[in-house]
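Chain by chain, the residues:
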Amino acid sequence: MLILLFLIPALFPGKVVEKLKGWANESLNGELDFSRAGLSFFNHFPSLTVTLYDVSLKGSAPFKKDTLVAADEIALGINVGSLIFGRQIHIDKIFLSDARISVLVNEAGEANYNVYAATDKKANTTSDSAVASLRLEKISISNTRVTYSDRSLKLLLDARGFNYTGSGDLDKSLFDLESRARIDSISFSLGEEAYLIDKQIKANLVTRINTDAFSLIFRKNRLKINQLSLGFKGQVDFLENGYGLDLEMSALNSSLHDLITAFPPQYVNWLSKTKVKGITDLMIAMKGKYIASAHTFPDLDAKIKIRDGYVKHADAPFPAADIYLDLKANMPATNPDSLKLNLDSVFFHIDRGYFAGHLNAIGVARPQISTVLKAQIDLGKLDEAFGFSTLDCKGKIDLNLRANGRYDLLNKRFPVTDADIRISDANIKTAYYPHPIANINMQAAIKNTLGDLSSLNVKVDPFSFQFEEKPFFVRASLKDFDHIVYDMEMKGEIDVAKIYEVFARKDLALKGYIDADLKLQGSAADVAERRYERLNNKGELKLKDISINSAYFPLPFVIREGAFRFDQDKMSFDDFSGAYGQSDLKMNGYLQHVIDYVFSSGGVLKGQFSVHADHLNVNEFMSSTPVDSSGKTASGGVALIPPLYDLSLKASAGNVLFKDLHLQNLATNVSVNKGKLSLKETGFDIIGCKVRMDMEYANEGSSKALFDYRIRADNFDIRKAYDTIKIFRELVSAAANAEGIVSVDYSLKGTLDSSMSPVYPSLTGSGTLSLQDVKVKGLKMFSAISRKIANDSINNPNLRKVNIRSRIKNNVITVDRFRFKVFGFRPRIEGQTSLDGRLNLKMRLGLPPLGIIGIPITVTGSSDDPVVRLGKKNSEEIEETEYIEE
């Protein structure tokens, strides 16, 4: 036996390497490289293994240039009987150590691991050309780094120190894979959320694998994340375009201490200094199909229960004791709006203070809420008991809140609420800023008796604090949020940047400064009835570097510097400067009904002011994806017009970018009223031409808009217009072969799609295109006519002082009769052409010298392939495409 152990590797090394290379060429879709190979019983005794050195295996398409596996050594176990007596070598084991495995999946779901080209088993056993086969019984991986990056799921897994042993009849279509795994450090994130960071995992798994049905069934599985032991069961089906999931992970009767060891590292460090006791039950389940392309997502269920919890950090005088939590969450189709949250009970006490309550909520955007929360907490004792590492707080909070109903401001619903909140002598200091927010005091009450906005009353008397030795004070009484009645006072200074540093990090840039001295008193009813003498609004609000977000715009407005003066119903501002994305804004004027607009559900903001921008990027105002570095938007939505604005303004801009158009010297009178935008007496320069325009625009949702505009442009270069303006190229395709000067006076209205492009069948309009001096070259229609009459004079004509009137409706342009002269000929043209290039034109070619005698001609077909016939022949009308409103 000892002699054979040395003799067999010496007798067969060439045969093994030769057949191994042949098998690799036949069975692998990825490129396999290695420097040399060796055969031995002693590397992984008692298995006979061929060891490949300096191994690199590239991935399958479309990742053929990316490395799937890289290792100093990979050992393949060889069946001895097949080596000595068989025509095939059977590879039954794989040993991998100190390697790097990189699994990649792109946005389309294509993966780099499909490198094994499985062959039919029957053919494989009978074919003389089959030099080796893969019939695995064991896989062993040690000290390897495994990364899995799936862009279709936005999933990233990074496992370091991956050690794995799996055994089973892996060559069968249905087999049980028994696995043991230990991972020294694993991190896992999905989307933008990190769920595991540098965790240690141990696992014993029995997985039934069905290669015919492409499914994994997890039968007996135990995982251990740090000290938390988890049961894992379920099934994963690999579908053509996604996954079928039925998975459940649970930890029953675990200790609260062990549960926290599975949290991110900062909690584990905290745990080493904290005494934690209690019993927990945890369950997470996911069931359903995940098909991203069809927007199909599985149901998600989660439950957590904590009993007899106890937390006492370091030398805290009092623990947080009798901690109880019973939380259940269900999210059908992983849709937040379908979330059902049931916090059946939560409770803990610290000394004589306590926190207790329950919460039921359905939905997120417009949640149905039922909750009771009560608390009497000493913040200092809370801080000591839990040992907040980055937070130092003092003071007392008393809370008594009861709420039941739907929160839906759009439909003027607010839960029936009875809430009282008192904060006394509180200080908050964090590790991010050296000074605290001090002397925080607040007494607030929220009452709602009917479940609507009209019965909502909010009273804050007072809310005050001191920061950097500067006091800030607010007192407010707000009633009837349908028609607001207000009495407010605000005084003090806030450095928003420093306030933000208290709660965040210095490297996160947020600036802002507020200096307020305001007294506001009145009602929406007084404003609506113009009883301005009853208002008592006065004072000044100074803002600097303040960012304001609105649901109507995808980017925030940034107030660089501005002072707002309140006087009765007006809020005036002078030399106000701001920015929106890449656009800069300077404004002067006033707004009215500001308080009513901010606090009432139906308040209308009125005002008159002037706006100037050196640079204005209209693309950024569209409800779309963020603007790229060139200032353009790829796709997304139309510009949204707020429905509760009644504004008039004079606007001017030095440079304007709208889609791919660059305009200069814009000046216009703008009004925004009831969701409609109107531009009157608008003028701008484009391609060296002065343009005048009037327009009305209104969006219907975020993916559709209506427009109605008239444009007048005198003496512009038709070549530049065709090269520069996309809609001109599409509406006047014949201009591709023209040069010269034209003018246009056209009215057009219709529908815009989500990319702010016109829906052509919806367009209706009429106008005149005036050709001052235009040279037409290579127009196929004129070329076809020249060939038909055997006279080249009509080809490439010069057109001077020709006015062409036309009408657009149902995707068809109807051209009124027009005449012109060319080399003694007097052509007369009328008829139809469609926006997709179909032709139905009637022509009379007046012959020299006076055109009294003429040749009738019909032109059909398309602009690319015109069909010319002589004589008065009947031609079919171009079929119209009627626009049907969705």
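Refer to the structure printed above.
What comes next concerns the included structure.

Things to note about the overall build of the protein
Helix and strand counts for the protein come out as 13 helices and 43 strands. Across the 886 residues in the protein, those meeting the buried criterion constitute 43%. Counting only contacts in the protein whose residues sit at least 6 apart along the sequence, the fraction spanning at least 24 positions is 50%. If you sum the accessible surface of the protein, you get close to 46800 Å²; carbon and sulfur atoms cover 54% of it.

Some details on unusual backbone geometry
Residue proline 462 is bonded to the preceding aspartate 461 through a cis peptide linkage, with omega at -5°. Inspection of the secondary structure puts proline 462 in strand β22 (residues 456–467). The linkage connecting proline 848 with the following residue, proline 849, adopts the cis geometry, with an omega of 5°. When you line up the elements, proline 849 lands in the loop between β41 (839–846) and β42 (854–861). The backbone phi angle of lysine 412 is positive, close to 60°, even though this residue is not glycine. Summarising the element assignment, lysine 412 is placed in the loop between β19 (391–406) and β20 (416–430). Looking at lysine 412, the relative accessible area reads 36%, which means it is partly exposed. Positioned with a positive phi, lysine 801 is a non-glycine residue whose angle comes to about 50°. Assignment of secondary structure puts lysine 801 in strand β38 (residues 798–809).

Examining the pairing of strand β39 (residues 812–819)
Summarising the sheet, β38 and β39 pair through four bridges and their orientation is antiparallel. What sits directly across from isoleucine 808, in β39, is isoleucine 813. Sheet topology places β39 next to strand β40 (residues 826–834); six bridges connect them, and they run antiparallel. Bridge assignment links valine 815 to a residue of β40, and that residue is glycine 831.

Overview of the packing of aromatic side chains
What the rule picks out here adds up to 20 aromatic pairs. A centroid spacing of 4.7 Å and a plane angle of 40° characterise the contact between phenylalanine 557 and tyrosine 580, whose relative ring orientation is tilted. With a gap of 23 residues between them, phenylalanine 557 in strand β27 (residues 557–567) and tyrosine 580 in strand β28 (residues 570–580) connect regions that are remote in the sequence. Note on phenylalanine 557: relative accessible area 25%, which makes it partly exposed. Residue tyrosine 580 is classed as buried on the basis of its relative accessible area, which comes to 0%. An aromatic cluster of three or more residues is present, and its members are Phe348, Phe355, Phe386 and Phe388. Lying across the ring of tyrosine 53, arginine 36 places its NZ or CZ 4.0 Å from the centre. Above the face of the tyrosine 310 ring, lysine 277 is positioned so that its terminal group lies 4.5 Å from the ring centre.

Here's the deal with the pattern of salt bridges
Opposite charge on two side chains makes pairing possible when the charged atoms of those side chains draw close. Taken as a whole and assessed by the stated rule, the structure comprises 29 salt bridges. Aspartate 158 is paired through a salt bridge with arginine 160; the nearest N and O atoms lie 3.6 Å apart. Looking at arginine 160, the relative accessible area reads 41%, which means it is partly exposed. Linking aspartate 526 and arginine 534 is a salt bridge whose minimum nitrogen-to-oxygen distance equals 3.7 Å. One network of salt bridges, with partners in common, ties together Arg145, Asp158 and Arg160.

Digging into a negative patch on the surface
On the surface, a cluster of negative charge is made up of Asp54, Asp72, Glu73 and Asp98. Classification of aspartate 72 by relative accessible area gives exposed; the value is 54%.

Observations regarding a nonpolar patch on the surface
A cluster of nonpolar side chains, namely Leu850, Ile852 and Ile853, defines an oily patch on the protein surface of about 360 Å² accessible area. Of note, isoleucine 852 is situated in the loop between β41 and β42. For isoleucine 852, a relative accessible area of 66% gives the class exposed.

Quick word on the nonpolar core
Residues Phe564, Tyr697 and Phe716 are the most contacted members of the largest nonpolar core, which totals 202 residues. Each residue touching tyrosine 697, except ones within four places of it in the same chain, is listed here: Val638, Ala639, Ile641, Gly675, Lys676, Leu677, Ala705, Leu706, Phe707, Leu752 and Met756.

Quick notes on helix α7 (residues 379–386)
Counting buried residues along α7, six of its eight residues qualify, which places the element largely inside the surrounding structure. Leu379, Gly380, Leu382, Asp383, Ala385 and Phe386 are the residues of α7 that are buried. For α7, the side-chain oxygen to backbone nitrogen distance between the N-cap and glycine 380 is 2.9 Å, and the N-cap itself is aspartate 378.

Observations concerning the environment of asparagine 226
Relative to the elements of secondary structure, asparagine 226 occurs in the loop between β10 (215–225) and β11 (228–238). Relative accessible area serves as the criterion here: at 23%, asparagine 226 is assigned to the partly exposed category. A C-alpha to C-alpha distance of 10.0 Å links asparagine 226 and valine 268, two positions 42 residues apart in sequence. Each residue touching asparagine 226, except ones within four places of it in the same chain, is listed here: Lys199, Gln200 and Thr261. Within the structure, the side chain of asparagine 226 is placed 2.7 Å from the backbone oxygen of threonine 261, a separation counted as a polar contact.

Thoughts on the side chain of serine 757
By the element assignment, serine 757 lies in the loop between β36 (738–752) and β37 (764–776). With a relative accessible area of 18%, serine 757 lands in the buried category.

Side note on the pairing of strand β34 (residues 689–699)
Strand direction decides the pairing type here: strand β33 (residues 676–686) and β34, joined by eight bridges, are antiparallel. Residue pairing in the sheet places aspartate 685 in a bridge with lysine 690 of β34. Counted along the chain from β33 to the antiparallel partner β34, the turn is two residues long, and its residue isoleucine 687 has a positive phi close to 45°. For β34 and strand β35 (residues 705–717), the ladder comprises nine bridges, and the chain directions are antiparallel. Residue pairing across strands places glutamate 696 opposite aspartate 708, the latter belonging to β35. Counting the residues that bridge the hairpin from β34 to β35 gives five residues, and of these glycine 701 lies at a positive phi of roughly 80°.

Re the environment of asparagine 665
Position of asparagine 665 relative to the elements: it lies in strand β32 (residues 661–673). Counting along the chain gives 51 residues from asparagine 665 to aspartate 614, while the straight-line C-alpha distance between them is 9.3 Å. Within the structure, asparagine 665 has its side chain in polar contact with the side chain of aspartate 685 (distance 2.8 Å).

Considering helix α13 (residues 780–789)
Counting buried residues in α13 gives seven out of 10 residues, a clear majority hidden from the surface. Looking only at α13, the buried set comprises Met781, Phe782, Ser783, Ala784, Ile785, Ser786 and Ile789. Those residues of α13 that are buried lie in contact with β37, β40, β41, β42 and β43 (866–870). The first or second residue beyond α13 is alanine 790, which carries a positive phi of 55°.

Quick notes on the side chain of asparagine 795
Relative to the helices and strands, asparagine 795 is located in the loop between α13 and β38. Here the side chain of asparagine 795 touches serine 783 through a polar contact of 3.0 Å, side chain to side chain. For asparagine 795, the residues in contact, after removing those within four places along its chain, are Leu779, Phe782, Ser783 and Ser786.

Examining the environment of asparagine 360
Turning to its location among the elements, asparagine 360 is positioned in strand β17 (residues 353–362). Separated by 33 residues in sequence, asparagine 360 and leucine 327 place their C-alpha atoms 9.8 Å apart. Sequence-distant contacts of asparagine 360, defined by excluding residues within four places in its chain, comprise Leu341, Asn342, Gln368, Ile369 and Ser370.

Definitions and limits used
Residues numbered from 1 in each chain as written. Predicted model: local features only at pLDDT ≥ 70, side-chain atom pairs only at ≥ 80, totals over all residues. Heavy atoms only, no water. Helix = DSSP H or I, 4+ residues; strand = E, 2+ residues; numbered from the N terminus. Buried < 20%, exposed > 50% of the residue type's maximum accessible area, 1.4 Å probe, protein only. Contact = heavy atoms within 4.5 Å. Areas by Shrake-Rupley, 256 points an atom, 1.4 Å probe, with all protein chains shown as cover. Pairing = 2+ DSSP bridges. Phe/Tyr/Trp six-rings, centres within 6.5 Å; stacked < 30°, edge-to-face > 60°. Lys NZ or Arg CZ within 6 Å of the ring centre and 35° of its normal. Salt bridge = Lys/Arg side-chain N within 4 Å of Asp/Glu carboxyl O. Patch = residues over 30% accessible without salt bridge, like charges linked within 9 Å, V, L, I, M, F, W, Y side chains within 5 Å. Lys, Arg positive; Asp, Glu negative; His and termini not counted. Charge placed at Lys NZ, Arg CZ, Asp CG, Glu CD. Core = buried A, V, L, I, M, F, W, Y, C linked by side-chain atoms within 4.5 Å. Polar contact = N/O pair within 3.5 Å; in protein donor to acceptor, adjacent residues only side chain to side chain.

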